[in-house]
Amino acid sequence: MSRAASNLQIDSARLWDTIHETAKFGRTPKGGVRRLTLSAEDKQVRDWFRKACEGAGLEVKVDALGSMFALRKGRDMSKPPVGLGSHLDTQPTGGKYDGILGTLAALEVVRTLNDAGIETEAPLCIVNWTNEEGSRFAPAMMASAAYVGDFTTDDILSRKDAEGVTVGQALDGIGYRGTTPVGAQKLGSFVELHIEQGPILEAEHKTIGVVDSGQGVLWYDGKITGFESHAGSTPMPLRRDALATLAEIVLAVETIAKKHGPKAVGTMGEAVIANPSRNVIPGEIAFTADLRSADDAIMNALDRDLRAAVAEIAGKRKVEVTLELIWRKPPTHFDPKLVDAVQNAAEMLGYSHRRITSGAGHDACNLNTRIPTAMVFVPCKDGVSHNELEDATQSDCAAGANVLLHTVLALTGVAS
Ligand code: GLV
Ligand code: MN
Ligand code: MN
């Protein structure tokens with residue numbers, strides 16, 4: 001690599017400005033971002049992103065699920081592009097960095113190469129994946145899963161949100177149902193920069209997480225059917241209370257995750273009482289559960305233990321509980337050569353680093369099943385994410401973007 005390329009650094013202030021400029025699309029009163037996938041705010045940030053990519057000389061294509069691909073030509077166009085990026089959608093009360101850092105850092109990498117007049121051998125392709133978060137439409141990371149063929153495009157287009165709006169209708173609503181068939185924009189490899197979303201890097205004073213693995217995910221939809229009756233006149237022994245049942249299931253999930261810990265976590269993030277009223281014993285509740293582990297055997301044990309606990313609680317309380325596994329994502333083991341490339345870049349730049357497992361799911365985890373993939377983590381304040389208070393420092397974001405830049409340069413090669 002030429003001296004100019006090996007000394008290259010991204011523009012930290014410019015990256016910081018783009019992160020804060022785009023945070024206005026869906027800004028919340030507490031300084032976070034609410035930008036549900038395919039919402040009006042998502043359209044705003046997508047339009048901004050498209051214009052910024054075009055301004056950097058990239059050709060932007062949109063696929064049939066709304067994922068955006070921005071291509072920077074390389075010297076050898078017969079080579080598949082090196083992909084880099086993440087997502088611009090957020091949780092309902094999300095932060096300014098989850099997904100956004102990786103997408104805007106990819107833009108910053110291209111702007112830096114442009115400024116330095118560097119042509120890469122292989123092309124580059126920045127990607128903004130649709131619906132990474134999974135809070136409006138399940139499952140999370142659905143567009144990258146369809147990209148690698150784990151779901152058909154039609155299946156994903158027909159998924160509905162809580163209001164009954166399909167992915168297809170939502171795409172049409174914001175004008176982002178593209179014409180590129182899903183999977184048609186080939187990528188030779190993919191690198192994603194992300195905040196850690198956990199406490200390890202900060203606690204160990206490490207700047208870079210070299211991500212070598214990711215937790216597998218089990219997502220369930222559940223329903224409890226008890227019996228609605230009068231809160232005043234129904235004796236305690238005669239009740240079939242759906243909410244009291246839910247309380248036991250919530251504690252069971254916590255107990256099961258702890259039993260298999262530290263390599264397991266379990267969460268119940270949604271519960272909806274049908275026809276709630278303070279003087280009616282709840283008769284019907286819909287709920288979700290999210291259990292994760294980086295170990296396949298532990299994932300099986302989590303599933304087994306949850307089903308057994310639910311059956312026991314339902315029997316004891318004389319209610320019906322259905323539990324449907326709607327998504328199983330196996331643990332991820334990132335490509336060893338790409339993981340080494342991330343580590344080499346961190347070492348070359350002199351950043352402290354450690355190998356790390358991702359607790360969160362990422363589009364990179366889906367891509368890794370078909371193409372060589374790796375991830376770069378940077379610390380976030382107190383390990384907090386999926387929260388409006390999510391925070392990261394400018395220098396850590398810049399360090400992550402520099403590692404992304406040099407990993408990508410090592411993968412593309414620099415045209416002389
Ligand atoms: C995505 O943010 C997930 O890990 O659920
Ligand atoms: Mn994310
Ligand atoms: Mn997230």
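**Some words on the overall build of the chain**
Okay, so step 1: Looking only at helices and strands, the chain features 13 helices and 16 strands.
Okay, so step 2: Relative to the 2.2 N^0.38 estimate, which gives 22 Å for 416 residues, the radius of gyration of the chain is 23 Å and therefore close to what a compact globule would have.
Okay, so step 3: A principal-axis box enclosing the C-alpha atoms of the chain has dimensions of 80 × 45 × 40 Å.
Okay, so step 4: Each of the 416 residues in the chain was classed as buried or not, and the buried ones make up 57%.
Okay, so step 5: Within the chain, contacts between residues separated by at least 24 positions form 80% of all contacts whose residues are at least 6 apart in sequence.
Okay, so step 6: About 17,200 Å² of surface is accessible on the chain, with carbon and sulfur atoms providing 52% of the total.
Okay, so step 7: For the chain, the separation between the mean place of its 44 positive charges and that of its 53 negative charges on side chains is 1 Å.

**Observations concerning the coordination of the manganese ion (ligand 2)**
Okay, so step 1: Summarising the metal site, the manganese ion (ligand 2) is bound by the protein donors His87 (NE2), Asp98 (OD) and His194 (NE2), whose distances to it range over 2.1 to 2.3 Å.
Okay, so step 2: Each donor residue of the manganese ion (ligand 2) lies on the same chain, and together they follow the pattern H-x10-D-x95-H.
Okay, so step 3: Taken as an interatomic distance, the gap from the manganese ion (ligand 2) to the manganese ion (ligand 3) is 3.6 Å; Asp98 donates to each of them. Here His87, found in the loop between β3 (82-86) and α4 (100-116), pairs with Asp98, found in the loop between β3 and α4; they are 11 residues apart in sequence, far enough to count as distant. As far as burial versus exposure is concerned, His87 and Asp98 are alike and both buried.

**Some points on the state of the cysteines**
Okay, so step 1: Tallying each qualifying case throughout the model produces zero disulfides.
Okay, so step 2: Cys125 forms no disulfide, and the closest cysteine sulfur to it belongs to Cys53, at a distance of 9.4 Å.
Okay, so step 3: The exposure class of Cys125 is buried, given its relative accessible area of 0%.
Okay, so step 4: Among the cysteines around Cys380, which has no disulfide bond, Cys397 carries the closest sulfur, lying 9.8 Å off.

**Let's talk about the site of ligand 1**
Okay, so step 1: Neighbouring residues of ligand 1: Glu132, Glu133, Arg292, Ala360, Gly361 and His386.
Okay, so step 2: A distance of 2.7 Å is found between an oxygen atom of ligand 1 and a side-chain nitrogen or oxygen belonging to Arg292.
Okay, so step 3: Within the contact set of ligand 1, an oxygen atom lies 3.2 Å away from a side-chain nitrogen or oxygen of His386.
Okay, so step 4: Out of a free accessible area of 200 Å², ligand 1 has 95% covered by protein chains.
Okay, so step 5: Residues that form the shell around ligand 1 fall into these classes: one nonpolar, two polar and three charged.

**Examining the coordination of the manganese ion (ligand 3)**
Okay, so step 1: Each protein donor to the manganese ion (ligand 3) is listed here as Asp98 (OD), Glu133 (OE), Glu133 (OE) and His386 (NE2); together their distances run 2.1 to 2.5 Å.
Okay, so step 2: Sequence positions of the donors to the manganese ion (ligand 3) reduce to the motif D-x34-E-x252-H.
Okay, so step 3: Given the relative accessible area of 4%, Asp98 is considered buried.
Okay, so step 4: On the basis of relative accessible area, Glu133 is assigned to the buried category, the value being 6%.

**As for the pairing of strand β16 (residues 373-378)**
Okay, so step 1: With six of its six residues buried, β16 lies for the most part within the structure.
Okay, so step 2: Alternating residues of β16 divide into Thr373, Met375 and Phe377 and Ala374, Val376 and Val378, and every residue in both groups is buried.
Okay, so step 3: Sheet topology places strand β5 (residues 189-195) next to β16; six bridges connect them, and they run parallel. By the bridge assignment, Val191 is partnered in β16 with Ala374.
Okay, so step 4: Examined bridge by bridge, strand β6 (residues 208-214) and β16 share three bridges and lie antiparallel to one another. Counted as the bridge partner of Val211 is Met375 from β16.

**Overview of the domain arrangement of the chain**
Okay, so step 1: Taken domain by domain, the chain consists of domain 1 (3-215 + 331-412) and domain 2 (216-329).
Okay, so step 2: Between domain 1 and domain 2, the C-alpha centre-to-centre distance is 34 Å.
Okay, so step 3: Taken together, the contacts link 18 residues of domain 1 with 13 residues of domain 2.
Okay, so step 4: In total, about 1,000 Å² of surface goes out of reach between domain 1 and domain 2, with carbon and sulfur atoms giving 63% of it.
Okay, so step 5: At the surface where domain 1 touches domain 2, the tally comes to two residue pairs in polar contact (both at pLDDT 80 or more).
Okay, so step 6: Residue classes in the side of domain 1 that touches domain 2 are distributed as eight nonpolar, nine polar and one charged.

Reading the values: the criteria
- Residues numbered from 1 in each chain as written.
- Chains lettered and ligands numbered in written order.
- Predicted model: local features only at pLDDT ≥ 70, side-chain atom pairs only at ≥ 80, totals over all residues.
- Heavy atoms only, no water.
- Helix = DSSP H or I, 4+ residues; strand = E, 2+ residues; numbered from the N terminus.
- Rg over C-alpha atoms; globule rule 2.2 N^0.38 Å.
- Buried < 20%, exposed > 50% of the residue type's maximum accessible area, 1.4 Å probe, protein only.
- Contact = heavy atoms within 4.5 Å.
- Areas by Shrake-Rupley, 256 points an atom, 1.4 Å probe, with all protein chains shown as cover.
- Lys, Arg positive; Asp, Glu negative; His and termini not counted.
- Charge placed at Lys NZ, Arg CZ, Asp CG, Glu CD.
- Donors = N, O, S within 2.8 Å, 3.2 Å for Na, K, Ca; no water.
- Disulfide = S-S within 2.5 Å.
- Near = heavy atom within 4 Å.
- Polar contact = N/O pair within 3.5 Å; in protein donor to acceptor, adjacent residues only side chain to side chain.
- Nonpolar A, V, L, I, M, F, W, Y, C, P; charged D, E, K, R; others polar.
- Pairing = 2+ DSSP bridges.
- Domains from an automatic or database assignment.
- Buried area = accessible area lost by both parts, 1.4 Å probe.

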